[in-house]
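Structural overview
What follows is each chain in one-letter form.
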Amino acid sequence: MICRMASQDISFSGSIPFHYDRGLGPVLFEPTAVELGRRLPELEGGRVLEVACGTGRVTRLIRARYGASVEVVATDLSASMLAYAQAHGPDGVQWMVADALSLPFEDESFDLLVCQFALMFFPDKEAGLREFRRVLKPGGKAIVAVWDAISRIPAALKNYELVKRAFPQDPPQFLEVPYAMCDPEVTKRLFESAFDRVEIERFEAEISIEEPEEVAQGFILGNPVANQIIERDPDAPERLVAELAKEFAGDPVTTACCWFVLAS
């Protein structure tokens with residue numbers, strides 16, 4: 001995944017995919033991926049497109065859900081994330097580097113489109129949703145997940161507050177972006193600009209942080225904030241990981257809290 005913020009590319013590369021998947025995956029992405037998997041519709045044949053597949057947690061569920069009778073295409077803008085997903089993913093998936101704002105597919109190519117935790121980063125969300133609609137067949141469905149407010153995800157809030165305290169004069173801006181679509185009414189209106197039918201469902205699960213240091217590494221090193229921290233202080237990541245791990249160990253319960261948008 002590469003997040004384009006204004007004119008700047010924020011890249012998920014280097015060691016970020018590893019820490020993203022190992023540290024954040026079990027706490028944030030797996031519970032929501034499983035819940036998304038429960039919302040997958042019945043398909044007999046056809047094609048499924050996953051946009052911004054990240055490290056492939058949802059991809060694995062899609063492949064397992066439909067088996068060989070359905071063609072699965074998984075895309076991401078980041079070659080590094082895609083390579084990690086492919087290396088740890090199932091057989092029978094077509095992996096492709098692709099820009100969500102300019103999908104390299106013909107109109108009405110897919111029966112189902114899935115996108116978990118990427119729309120928040122699109123520089124032009126309406127254009128992205130028009131692309132989603134364009135590549136779906138008549139009657140096709142989209143399932144999109146976006147995060148709820150950061151205040152409802154204690155682990156993410158602790159991380160945000162820790163990094164802000166570390167750099168009070170110039171806090172990294174990336175950490176504000178993932179939670180920018182937490183208002184369901186605003187999100188619904190956005191989807192209605194491209195889709196005829198839109199439903200929004202909230203999901204929340206209590207999660208136990210069993211490996212505090214790995215989760216702390218995920219929050220500090222498993223996303224582009226790592227690069228922004230290093231730019232400000234090359235020695236800060238190690239210190240911040242230790243401080244955050246201590247906080248998680250003292251309070252090892254968090255929530256994974258998101259909105260699922262079902263559109264057709």
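The text that follows walks through the structure, step by step, so that each part is easy to find. (Residues numbered from 1 in each chain as written. Predicted model: local features only at pLDDT ≥ 70, side-chain atom pairs only at ≥ 80, totals over all residues. Heavy atoms only, no water.)

**Some remarks on the sheet that holds strand E6 (residues 110-116)**
- Sheet architecture is open: seven strands sit in the order E5-E4-E3-E6-E7-E9-E8, paired in mixed fashion. Only two strands of the sheet have a single neighbouring strand rather than two, namely strand E5 (93-97) and strand E8 (198-208). Taken over all neighbouring pairs, the strand axes of this sheet differ in orientation by 20° on average, direction set aside.
- As paired strands, strand E4 (residues 71-76) and E5 are joined by five bridges and run parallel to one another. For aspartate 76, the partnering residue across the bridge sits in E5 and is valine 97.
- Taken strand by strand, helix H3 (residues 79-88) contacts E4 and E5, and its axis lies near 165° from that of E5. (Pairing = 2+ DSSP bridges. Helix = DSSP H or I, 4+ residues; strand = E, 2+ residues; numbered from the N terminus. Axes fitted to C-alpha atoms, helices over the stretch in contact; angles between N-to-C directions. Contact = heavy atoms within 4.5 Å.)

**A look at the pattern of salt bridges**
- Within the structure shown, the criterion is met by 19 salt bridges.
- Linking aspartate 107 and arginine 134 is a salt bridge whose minimum nitrogen-to-oxygen distance equals 2.7 Å. Taken together, the residues span a long stretch of sequence, with aspartate 107 in the loop between E5 and E6 and arginine 134 in helix H4 (residues 125-135) at a distance of 27 residues.
- Given the relative accessible area of 23%, arginine 134 is considered partly exposed.
- Aspartate 148 is the partner of arginine 202 in a salt bridge, and the nearest nitrogen-oxygen pair spans 2.8 Å. Here arginine 202, found in strand E8, pairs with aspartate 148, found in the loop between strand E7 (136-147) and helix H5 (154-166); they are 54 residues apart in sequence, far enough to count as distant.
- Among the residues examined, arginine 202 registers a relative accessible area of 38% and is labelled partly exposed.
- Judged by its relative accessible area of 0%, aspartate 148 falls in the buried class.
- Through salt bridges with shared partners, one network takes in Glu35, Arg38, Arg39 and Glu201. (Salt bridge = Lys/Arg side-chain N within 4 Å of Asp/Glu carboxyl O. Buried < 20%, exposed > 50% of the residue type's maximum accessible area, 1.4 Å probe, protein only.)

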